[in-house]
Amino acid sequence: MPNFAVSELVDAQDAIVFDGECVLCSGFFQFMTMRDKAQRFKFATAQSPLGQRLYQELGLPMQDFETNLVIVNGNVHQRLDAFAAAMGTLPGIWPILSFCRFLPSWIKDPLYHAIARNRYKIFGRNPTCMIPDAALRSRFLPEGF
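A few points on the structure. Just so we're clear, the structure is a prediction, and the values are computed from it rather than from any experiment. (Residues numbered from 1 in each chain as written. Predicted model: local features only at pLDDT ≥ 70, side-chain atom pairs only at ≥ 80, totals over all residues. Heavy atoms only, no water.)

What to know about the overall build of the protein
- From N to C terminus, the protein includes 6 helices and 4 strands.
- When the helices and strands of the protein are placed in sequence order, the string is α-β-α-β-α-β-β-α-α-α.
- The buried share of the protein, taken over its 145 residues, is 41%.
- Of all intrachain contacts in the protein linking residues separated by at least 6 positions in sequence, the fraction that spans at least 24 positions is 68%.
- Carbon and sulfur atoms provide 58% of the accessible area of the protein, an area that totals close to 7,700 Å². (Helix = DSSP H or I, 4+ residues; strand = E, 2+ residues; numbered from the N terminus. Buried < 20%, exposed > 50% of the residue type's maximum accessible area, 1.4 Å probe, protein only. Contact = heavy atoms within 4.5 Å. Areas by Shrake-Rupley, 256 points an atom, 1.4 Å probe, with all protein chains shown as cover.)

Shown next as structure tokens:
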């Protein structure tokens, strides 16, 4: 794995790190790849060597992933703020969904955690991470899959 710090990745590329086994998280990844026509984002799974390193450096759980990470303009976003940051980058009507960043943390954090804790029960779990085709694979960061 390349030797880097989170700050090096944050400065280099807008990225989304997602739980590749979570159906909801993988759905978010697929949603973003279809709407990110400018291909602003690169991707990595949380289970990949790169994802594991990022979660470790950020002090996040490395097995039961409590959040996707969205890196935009050098800032790492977690939980509902990650969703808001990603929506804010898309064309069309999608940026309106970034309003959720303005919700008070006493509302958005418990809401996010309730969904995150139950995401496998509600949405399901893939037995393995998806295998992208060559075109989609090119959108992954090195060591991100």
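Anyway, onward from the coordinates.
Here's the deal with the pairing of strand S1 (residues 15-18)
- Where burial is concerned, the two faces of S1 agree: the one with Ala-15 and Val-17 and the one with Ile-16 and Phe-18 are both buried.
- Each parallel crossover has a hand, and the one from S1 via helix H2 (residues 23-35) to strand S2 (residues 42-45) is right-handed.
- Examined bridge by bridge, S1 and strand S3 (residues 69-72) share 3 bridges and lie antiparallel to one another. Looking across to S3, one finds that Ile-16 is bridged to Val-70. (Right-handed = clockwise from strand over helix to strand, strands pointing away. Pairing = 2+ DSSP bridges.)

Some thoughts on the nonpolar core
- In terms of nonpolar packing, the biggest core is built from 18 residues, with Ile-16, Phe-28, Met-32, Phe-41, Phe-43, Val-70 and Met-87 touching the most fellow members.
- Only S1, H2, S3 and helix H4 (79-87) provide two or more residues apiece to this core.
- Considering each element in turn, this core owes the most residues, 5 residues, to H2.
- Those residues in contact with Phe-41 that sit more than four places away from it in its chain are Gln-13, Asp-14, Ala-15, Ile-16, Met-32, Asp-36, Val-70, Ile-71, Val-72, Ala-86, Thr-89 and Arg-139.
- Ranked by size, the runner-up nonpolar core spans 12 residues in total, among them Val-17, Ala-44, Ile-71 and Leu-141. (Core = buried A, V, L, I, M, F, W, Y, C linked by side-chain atoms within 4.5 Å.)

Examining H2
- For H2, spanning 13 residues, the distance from its first C-alpha to its last is 18 Å, which sits close to the expected 18 Å at 1.5 Å a residue.
- For H2, the set of buried residues is Cys-25, Ser-26, Phe-28, Phe-29, Phe-31, Met-32 and Thr-33.
- Buried-residue contacts for H2 involve S1, S2, S3, H4, helix H5 (105-123) and helix H6 (134-137). (Expected span 1.5 Å × (residues − 1).)

Describing the pattern of salt bridges
- One pass over the full model with this rule turns up 6 salt bridges.
- A salt bridge links Asp-19 to Arg-119, with the nearest nitrogen and oxygen atoms 3.2 Å apart. Separated by 100 residues along the polypeptide, Asp-19 in the loop between S1 and H2 and Arg-119 in helix H5 bring together distant segments of the chain.
- We classify Arg-119 as buried; its relative accessible area is 4%.
- Across the pair Lys-108 and Asp-81 runs a salt bridge, and its minimum N-O distance is 2.7 Å. Of the two residues, Lys-108 sits in helix H5 while Asp-81 sits in helix H4, which places them 27 residues apart along the sequence. (Salt bridge = Lys/Arg side-chain N within 4 Å of Asp/Glu carboxyl O.)

Remarks on the sheet that holds S1
- The 4 strands are arranged S2-S1-S3-S4 in an open sheet whose pairing can be described as mixed. Edge positions in the sheet fall to S2 and strand S4 (75-78), since each has one partner strand and no second. For this sheet, the mean angle separating the axes of adjacent strands, direction not counted, is 20 degrees.
- Against the sheet, H2 contacts S1, S2 and S3, and its axis sits at roughly 155 degrees relative to S1.
- The strands that H4 touches are S3 and S4; relative to S4, the one it contacts most, it runs at about 120 degrees. (Axes fitted to C-alpha atoms, helices over the stretch in contact; angles between N-to-C directions.)

Side note on unusual backbone geometry
- Backbone geometry places Gln-39, a non-glycine residue, at a positive phi of 55 degrees.
- Note that Gln-39 resides in the loop between H2 and S2.
- The backbone of Glu-143 shows a phi angle near 65 degrees, a positive value even though the residue is not glycine.
- Relative to the helices and strands, Glu-143 resides in the segment after H6.

As far as function goes, none of this settles anything; it's purely spatial.
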